[in-house]
Amino acid sequence: QVQLVESGGGLVQAGGSLRLSCAASGIIFRITTMNWYRQAPGKQRELVAEITGRSNTNYADSVKGRFTISRDNAKNTVYLQMNSLKPEDTAVYYCRAKSPEYWGQGTQVTVSS
């Protein structure tokens, strides 16, 4: 069974940092492109960051320079380091395996002003 389990969300003040983790099982993690998405209330789910099996990365313009996606293939875990957080970063953050497609349950990130 495939599982993607996010952790690390919480409440942080604007300007602060959080690191999200996504532990994967049931997939060939090292060759799987992984994504972080987020969805704020009343908004569409948006792609935040992507990392390929070769560790090539892409980011949404809104988070470039502030967020870093990384992976540890030995731990089957993908991370999202979030710095200089803004209230508009408040959302549920979801881990996603791209192909085949699987989603985690999400973790809440709340940034207070």
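In the block above lies the structure referred to throughout.
All of these numbers come straight from a predicted model, not from anything done at the bench.

Colleague: What am I meant to see in the pairing of strand β3 (residues 18–25) here?
Modeller: A regular strand places its side chains on the two faces of the sheet in alternate fashion. Pairing between strand β1 (residues 3–7) and β3: 5 bridges, direction antiparallel. Residue Leu4 lies in a different strand from β3, and its bridge partner there is Ala24. With 6 bridges joining them, β3 and strand β8 (residues 77–82) adopt antiparallel strand pairing. Each residue of the ladder has a partner; that of Ser21, found in β8, is Tyr79.

Colleague: How should I be thinking about unusual backbone geometry in this particular structure?
Modeller: Here the residue pair Ser99 and Pro100 is connected by a cis peptide bond, since its omega of -5° sits within 30 degrees of zero. Positionally, Pro100 belongs in the loop between β9 (91–97) and β10 (102–103). Even without being glycine, Ser55 reaches a positive phi, approximately 70°. The exposure class of Ser55 is partly exposed, given its relative accessible area of 40%. One non-glycine residue, Ser84, lies in the positive phi region at around 50°. Tracing the backbone through its elements, the reader meets Ser84 in the loop between β8 and β9.

Colleague: I'm lost on the state of the cysteines in this one. Help?
Modeller: Such a bond, covalent and formed between the sulfur atoms of two cysteines, is termed a disulfide. For the structure shown, the criterion picks out 1 disulfide. Cys22 shares a disulfide with Cys95; S-S distance 2.0 Å. Between Cys22 and Cys95 the sulfur-sulfur dihedral comes to about -80°; the bridge is accordingly left-handed. Residue Cys22 is located in strand β3, and its partner Cys95 is located in strand β9; the two are separated by 73 residues in the primary sequence.

Colleague: Please clarify how the side chain of Arg96 should be interpreted in this entry.
Modeller: Locating Arg96 in the fold gives a position in strand β9. Among the residues examined, Arg96 registers a relative accessible area of 11% and is labelled buried. At a separation of 2.6 Å, a polar atom in the side chain of Arg96 contacts the side chain of Asn35. In terms of polar contacts, Arg96 uses its side chain to reach the side chain of Glu101, at 3.1 Å. In this view, Arg96 contacts Leu4, Thr33, Met34, Asn35, Tyr37, Glu101, Tyr102 and Trp103; residues no more than four positions away in its chain are not counted.

Colleague: Would you explain the side chain of Arg71 in this entry?
Modeller: Checked against the element boundaries, Arg71 lands in strand β7 (residues 67–72). For the buried Arg71, no salt bridge exists, and the shortest N-O distance to an oppositely charged side chain is 8.5 Å, to Asp72. Within the local environment of Arg71, its side chain forms a polar contact with the backbone oxygen of Thr32, the two atoms lying 2.9 Å apart. In this structure the side chain of Arg71 is engaged in a polar contact, spanning 3.4 Å, whose partner is the backbone oxygen of Ile51. Ignoring sequence-local partners within four residues, the contact set of Arg71 consists of Phe29, Arg30, Thr32, Thr33, Met34, Ile51, Thr52, Gly53, Ser55, Thr77 and Val78.

Colleague: Please clarify how the environment of Gly8 should be interpreted in this entry.
Modeller: Structurally, Gly8 can be placed in the loop between β1 and β2 (10–13). With near-sequence residues (within four places) excluded, Gly8 lies in contact with Leu18, Arg19, Leu20 and Thr107.

The rules behind each value
- Residues numbered from 1 in each chain as written.
- Predicted model: local features only at pLDDT ≥ 70, side-chain atom pairs only at ≥ 80, totals over all residues.
- Heavy atoms only, no water.
- Pairing = 2+ DSSP bridges.
- Helix = DSSP H or I, 4+ residues; strand = E, 2+ residues; numbered from the N terminus.
- Buried < 20%, exposed > 50% of the residue type's maximum accessible area, 1.4 Å probe, protein only.
- Disulfide = S-S within 2.5 Å.
- Polar contact = N/O pair within 3.5 Å; in protein donor to acceptor, adjacent residues only side chain to side chain.
- Contact = heavy atoms within 4.5 Å.
- Lys, Arg positive; Asp, Glu negative; His and termini not counted.
- Salt bridge = Lys/Arg side-chain N within 4 Å of Asp/Glu carboxyl O.

From the geometry alone we can't say anything about function, so treat these as descriptive.
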